[in-house]
Amino acid sequence: MIPMRRFIRTRAFRPTQTLLPALGLLVAFAAPGVLAEEVGWTLYPPTGDVAEILISGDTAWIGAGGGVIQADLTDIVSGELTQTRITDDDGLVSPEITAMAFDGLGNVWVGTRDAGISIFDPQGRHLRNINSFEALWSDLVIGMSSEGNRMFVTCADDYSETGTIEGGGFTVIEVEGTESGGIDISVVGIGVPLAVCREVLALPGETWFGSSANGLWRRDEILGLAPEEVLTTDEGLLSDNVTGLARGPHPDLGGQEVLWIGTAMGLQYWDGAALDTVVTFQDHPVHDLEFDGSSLHVIVEDPASVMEREIFSMNLLSSPLTPIQVDAVACLPDTAYLPREVAMSAAGNMVLGTKTAGYSVHDGVTWVCPRPLGPHSPQVADLALGTDGTLYFGTGTKEPPKKGRGVGLFSDGIWGVLSRQDGLIQELITEAVAWPDGTIWFGSSVSKDVGGVSRYFPDQGTFVNYHNTSSDPSHVTLGKNVATLELDAAGNLWIGYGQLDGGVTVIEYPSLSITNYHVVDFTDAGNDLITDLDFDSRGRMWITTKNTELKPGQLYVFDFGGTPSDPTDDLPATSMNVANEIHDLGTVHDIEIDASDRIWLAGEKGLVRGEMLPDLASEARADWTIMNPTSSQSGGRNPLPYLVAALDWSDNLWLGMETSGLVRVSSDGSQWTWFDEIAGEPLPDQAVTGLYMDLASREVYVGTKSSGIAVMAMSVTATGSGRVRSSRPFPNPWRLETDGALQFQGIPAGDVVTMKVFTPSGEVVQVFEELSGVKSWDGRNRNGSRVKAGVYIITAEGVDGVVYEGKVAVLR
C-alpha cells in the first residue's frame, strides 16, 4: 500500500465547488469608489465512512456518515452517476448511519447511531421515524434484517471509550401498509436482551445473531423464546467476534445450504453439525459478507496491516469452491482504498463502500468512482491548514465527549482520513494546530485517562504521541484530556488540560523541550479545569477555567517571562472571578485576544469584550463591556450559547453557535453580521463547532456538527477605482531564521508596485518603491533590523490601480 503521505499534494488547498450566485454567492454593492464585500461559498457535506449498501432494481442506497445517497446505476455508462442525498431536510432523523435494511414492502429502514430509525418508501419519500419510546431497545441501532412482514432490529446500550459497543438487545417489529401509502408498525412482545449483538440474519422460522464478543446465537421464531448460544470458540469458532452472516449453498457439499460466518479471524461455514474453515481466509478479519443468489462476496483484511483490505468473490454454484480476488478500485488513491461494504445488483454491478472515500461501482469491466461529495465524518471539530495547503480537521465533541472518527484531511480535491490504525492517539480529536515546520498537532479530549496529543509528520505519514504516561521520558506531558492547543509568538505549543489537577504543558519550538505547569502553579484551586488560553502582545498567557464545584470559573493571567523552561522569572498570576468581576458567562468556551490587546470571552451565557488597562502592581486588568445578544447590535436574535470563536484578518470576531449558526462581530462590537440559514446564506448546519481563519486568503473554514465543512471566501472589491486582491504572503506563519524571504505569491512578477509593511497599530515598518519582479521581504525594517515577532500588514498598489493586501504572522 502507498503510505498516506503520497496523496497529500503540496499544491495549496483551494475550494473547487464554489456555489454560483443563484445558490448563495452574496455580493454587497457599494457606491463608486467604495469598498464592497463579496462572499463565495463552497460546501462539502460528508460522504465517507460507508456503513451499509442496499440495492433495489437500478437504485443503490448508500448509508454513510452524513446521510443516505441514492445512486442511479443506469448512469454507470456515463461514468458519472446521478446522486441524490437524503438528509435531515428530507426527514432523516440523524446523519450518522449505522445500518439499513429493506422491509417486506420494499421500504428502506435507516438506523442511526443515537436517534433511532427513519423509514423511506422506495422512491425516497419519508414515511416516519421510530425510536426507543415506542419500538426499539435503544436509539443506538446496530443491525437490521427482515423476514416477511417482520423486521428484526438489534441495538446497543452505548459505545465504550474505545469505540466498542456495550450491552443491548433486539426487538421484532411487524410492518403493514396503509391505503394512503404509509405504514403501520407494531412491536411483537417486548424487547429481548442480547449483549453486543452486531449482526442479524432473519430466515424463515429462525433468526441468527452474531455478537462482537459472545459468538453465534439462534432464536427459534416458531417458539419465540430467548436466543440460545450455538457456537463459540469452545465449539471451534475462529473468533467470538462475529462480523458477518449469510445463508447460501456450498458447492463442495453438493449444493447443501450452509450458514456462512465471517469472524475477526476468518471465514467459516456450518451445516448444522460440522463447522469448517475457508483456508484462504484463515486469520484474515472479515469486514463484510454479501450473498447475491449465486456468489458470496467477502471483504477481508490483511492480518499484518489494517490499512490493506481485499475483495473476493466465490461462485457457490460451481465446484470446487474457489475464491477469486476482485481487482482493486483503480480510480481511488491507494491510501483511500479501505473496502468496508459490498452489494450486487441484479444486472451484475458491484457497489463497494469504503471507510474513507465514499463508494465505487464496478460495471463488470471497470470501476467507476462518482465524484466525492465531502469528508468522511459529519461531525467536524477544530480545523487547521498545513503549510503545504492541506486542510486537517478533528472529529468528535468535548461536552459530553462523543466518539469521533479520527482526523480528516483534504488536499488537491482528495479526501483522506487518519485514525488510530495510523498511529493517532485517539479518534475523538477536538483540537488541531499547524507548526511552522509543517507538522500538525492534534489534541484528544476524552478523559484524564484516555487521549493526549499527537504530532503528525505529513512527509512520512507517521505520528509521535505525547501524554503523562508515555514510556518515552521526552514525550511525557501533564495530562491526557486536552482542552486547547495554542501557539505563542515564538511558535511554542501550549497545551491546556480540562481535567482535575491539570494545568498546561509547553513544548518549545523547535527544541521540543517540555515544561509542565500544574494548575496549582498559578492558582491554589486544583479543581479548576482549563477551557481555553491565549496570549497578549506582551507574551502573557490568559487562561479561562471552569470549576468542578459550584463556584464560578476563573480568568488567570500568567507571565512566564518569555522563558517557558525557566520558572525563576515567572510572575505571580492575576486571578479574576468571571461571574463576579466580569460577567456571568457560565462556562467560557473560547478566549481570543486581538492585535490591539482587546480580549474577547465567549461563553454559554454571553459575550464580553475587554479593553486592556495599564498594569497595576504587575497585575493585568481590563475594562469589560457586555455584548448583549438580544440588543439591536445582534438584530434582536438570541444566539446563545457560543461554542467557538476566531479572529479574522481585520480583528473582527467570528462566533459559532449551537443552534444559531455563524456571526461576525466587528472589532468594536458595534456591528453583527450573520452568515447562516436565517440570513439567507447556505451555511449547511446551524450548529457550528469549528472555525479556522486563513488570514492570507481571507477564507473562513467552518466546521459543523452534522453537515461537514463550509468554506467562505471573503474578498473586497473597490467599485470605480480599481480592485483589491490578496497578496498571499507565504509561508504564513513565517519564521525569519529558517524560512528564508517572505514571498508574495498573489502579486504577479510583471506588476510594478509600491509595497508597504505596517504593524496592526498603523506604524510603517518598511516601504518598497517601484518594486518589480518576484515580490519578497527579508523581514527587516527601515533601519535594517530584523522585526520582532508579531502580526504585520502588507499593502501593495500597482500602476494600474490594483491594490494587494495581506497579513503575516512572524515567529522568532
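Residues numbered from 1 in each chain as written. Predicted model: local features only at pLDDT ≥ 70, side-chain atom pairs only at ≥ 80, totals over all residues. Heavy atoms only, no water.

Student: Hey, could you run me through the overall build of the chain in this one?
Tutor: Of the regular secondary structure elements, the chain holds two helices and 68 strands. Looking at the 812 residues of the chain, the share that counts as buried comes to 56%. Long-range contacts, defined here as pairs at least 24 residues apart, represent 48% of the contacts in the chain between residues at least 6 apart. Taken as a whole, the chain presents about 31300 Å² of accessible surface, with 49% of it coming from carbon and sulfur. (Helix = DSSP H or I, 4+ residues; strand = E, 2+ residues; numbered from the N terminus. Buried < 20%, exposed > 50% of the residue type's maximum accessible area, 1.4 Å probe, protein only. Contact = heavy atoms within 4.5 Å. Areas by Shrake-Rupley, 256 points an atom, 1.4 Å probe, with all protein chains shown as cover.)

Student: Honestly, the nonpolar core in this entry has me stumped. Any pointers?
Tutor: Nonpolar side chains in soluble globular proteins generally cluster together in the buried interior. If you look at the biggest cluster of nonpolar residues, it comprises 20 residues, and the most contacted ones within it are Met-755, Trp-777 and Tyr-792. Counting only elements with at least two residues in this core, the list comes to β63 (742–744), β64 (753–758), β65 (764–771), β67 (790–798) and β68 (803–811). The contact partners of Met-755, leaving out residues within four places of it in the chain, are Phe-744, Ile-747, Gln-766, Val-767, Phe-768, Leu-771, Ser-776, Ile-794, Thr-795 and Ala-796. (Core = buried A, V, L, I, M, F, W, Y, C linked by side-chain atoms within 4.5 Å.)

Student: What is the right way to look at the environment of Gly-348 in this model?
Tutor: Its location among the elements puts Gly-348 in the loop between β29 (339–344) and β30 (350–354). By relative accessible area, Gly-348 is classed as partly exposed at 36%.

Student: Would you mind going over the pairing of strand β18 (residues 206–211) with me for this structure?
Tutor: Each regular strand carries side chains that alternate between the two faces of the sheet. Burial analysis of β18 places six of its six residues in the buried class, which makes it a mostly covered element. Going residue by residue along β18, you find Glu-206, Trp-208 and Gly-210 tucked away on one face and Thr-207, Phe-209 and Ser-211 tucked away on the opposite face as well. Pairing geometry for strand β17 (residues 197–203) and β18, over six bridges, is antiparallel. What sits directly across from Glu-199, in β18, is Gly-210. Between β17 and β18, which follow one another and run antiparallel, lie two residues, and Gly-205 among them has a positive phi close to 85 degrees. Pairing of β18 with strand β19 (residues 216–220) involves five bridges; the strand directions are antiparallel. Each residue of the ladder has a partner; that of Glu-206, found in β19, is Asp-220. What sits between β18 and β19 in their antiparallel hairpin is a turn of four residues, with Gly-215 showing a positive phi close to 75 degrees. (Pairing = 2+ DSSP bridges.)

Student: Before we go on, may I ask you to explain the pattern of salt bridges in this structure?
Tutor: As enumerated under the stated definition, the model contains 20 salt bridges in all. We note a salt bridge from Asp-437 to Arg-455, for which the minimum N-O separation is 2.6 Å. With a gap of 18 residues between them, Asp-437 in the loop between β37 (429–434) and β38 (440–444) and Arg-455 in strand β39 (residues 453–457) connect regions that are remote in the sequence. Three or more residues are tied together by salt bridges with common partners; here these are Glu-96, Asp-114, Lys-402 and Arg-405. (Salt bridge = Lys/Arg side-chain N within 4 Å of Asp/Glu carboxyl O.)

Student: Got a minute to help me understand the sheet that holds strand β15 (residues 169–177) in this structure?
Tutor: Pairing between sheet strands relies on hydrogen bonds along the backbone, with the strands arranged either parallel or antiparallel. What the four strands build is an open sheet, ordered β11-β12-β15-β16; its pairing is antiparallel. The open sheet has two free edges, formed respectively by β11 (140–147) and β16 (183–193), since each of these has just one partner strand. With direction set aside, neighbouring strand axes in the sheet form an average angle of 25 degrees. Summarising the sheet, β15 and β16 pair through eight bridges and their orientation is antiparallel. Each bridged residue has a counterpart across the sheet, and for Glu-174 the counterpart in β16 is Ser-186. (Axes fitted to C-alpha atoms, helices over the stretch in contact; angles between N-to-C directions.)

Student: Could you clarify how one ought to interpret the packing of aromatic side chains in this entry?
Tutor: Describing an aromatic ring pair means giving the distance of the ring centres and the angle of the ring planes. Summed over the entire model, instances satisfying the criterion amount to 22 aromatic pairs. When the ring of Trp-672 is compared with that of Trp-674, the centres are 6.5 Å apart and the planes differ by 35 degrees; the resulting orientation is tilted. Accessibility classification places Trp-672 together with Trp-674 in one group, the buried group. Each residue in the set Trp-494, Tyr-517, Phe-535, Phe-558 and Phe-560 is aromatic and connected to the rest through ring pairs, giving one cluster. Positioned over the ring face of Trp-208 is Arg-218, at 6.0 Å from the centre of the ring. (Phe/Tyr/Trp six-rings, centres within 6.5 Å; stacked < 30°, edge-to-face > 60°. Lys NZ or Arg CZ within 6 Å of the ring centre and 35° of its normal.)

Student: Honestly, unusual backbone geometry in this entry has me stumped. Any pointers?
Tutor: Among all residues save glycine, negative phi is the norm, and among peptide bonds the norm is trans. Between Leu-640 and Pro-641 the backbone carries a cis peptide bond, its omega angle lying at -5 degrees. If you trace the backbone, Pro-641 turns up in the loop between β52 (619–627) and β53 (642–647). Look at the link from Phe-730 to Pro-731: it is a cis peptide, with omega at 0 degrees. Tracing the sequence through the fold places Pro-731 in the loop between β61 (729–730) and β62 (734–735). At Val-196, a residue that is not glycine, the phi angle is positive and equals roughly 45 degrees. With respect to the helices and strands, Val-196 occurs in the loop between β16 and β17. In the Ramachandran plot, Asp-501 falls in the positive-phi region, its phi being about 55 degrees despite a non-glycine side chain. On the secondary structure map, Asp-501 appears in the loop between β42 (493–497) and β43 (503–507). Owing to a relative accessible area of 55%, Asp-501 belongs among the exposed residues under this scheme.

Student: Honestly, the confidence of the model for the chain in this entry has me stumped. Any pointers?
Tutor: Low pLDDT marks stretches whose predicted atomic positions should not be read closely. Residues with a pLDDT of 70 or more make up 90% of the chain, whose mean pLDDT is 86. No element of the chain has a lower mean pLDDT than strand β1 (residues 26–27), which averages 31, and none a higher one than β39, which averages 98. Confidence drops under a pLDDT of 50 for residues 717–722, and excluding neighbours within four residues, the segment shows 18 contacts in the predicted structure. (pLDDT = per-residue confidence, 0-100.)

Student: Could you clarify how one ought to interpret the sheet that holds strand β6 (residues 82–86) in this entry?
Tutor: Strand order in this open sheet of four strands is β3-β4-β5-β6, and the pairing throughout is antiparallel. Either end of the sheet is taken by a strand with one partner, and the two such strands are β3 (50–56) and β6. Each neighbouring strand pair of the sheet contributes to a mean axis angle of 20 degrees, computed without reference to strand direction.

Student: What is the right way to read a negative patch on the surface from this model?
Tutor: Negative charge collects at one region of the surface, where Asp-88, Asp-89, Asp-90 and Glu-677 lie side by side. Residue position: Asp-90 is located in the loop between β6 and β7 (97–102). Note on Asp-90: relative accessible area 36%, which makes it partly exposed. (Patch = residues over 30% accessible without salt bridge, like charges linked within 9 Å, V, L, I, M, F, W, Y side chains within 5 Å. Lys, Arg positive; Asp, Glu negative; His and termini not counted. Charge placed at Lys NZ, Arg CZ, Asp CG, Glu CD.)

Student: Which parts of the structure should I look at to understand the environment of Leu-662?
Tutor: Mapped onto the fold, Leu-662 is located in strand β55 (residues 662–665). Using a relative accessible area of 0% as the deciding quantity, one classes Leu-662 as buried. C-alpha of Leu-662 to C-alpha of Gln-686: the two residues are 24 residues apart in sequence and 7.5 Å apart in space.

Student: I'm lost on the environment of Thr-659 in this one. Help?
Tutor: Within the fold, Thr-659 resides in the loop between β54 (653–657) and β55. For Thr-659 and Gln-686, which are 27 residues apart along the polypeptide, the C-alpha to C-alpha distance reads 5.1 Å. Other than its neighbours up to four places away in sequence, Thr-659 contacts Leu-640 and Gln-686.

Student: How do you make sense of the pairing of strand β31 (residues 359–362) when you look at a structure like this?
Tutor: Burial along β31 is two-sided: Tyr-359 and Val-361 and Ser-360 and His-362, pointing in opposite directions, are all buried. Inspection of the sheet shows β30 paired to β31 by four bridges, in the antiparallel sense. In the sheet register, Val-351 faces β31, and the bridge partner there is Val-361. Turn length for the β30-β31 hairpin, with the two strands adjacent in sequence and antiparallel, is four residues, and the turn residue Gly-358 shows positive phi of about 70 degrees. Where β31 and strand β32 (residues 367–368) come together, two bridges link them in antiparallel fashion. Note that in β32 the partner of Val-361 across the bridge is Val-368.

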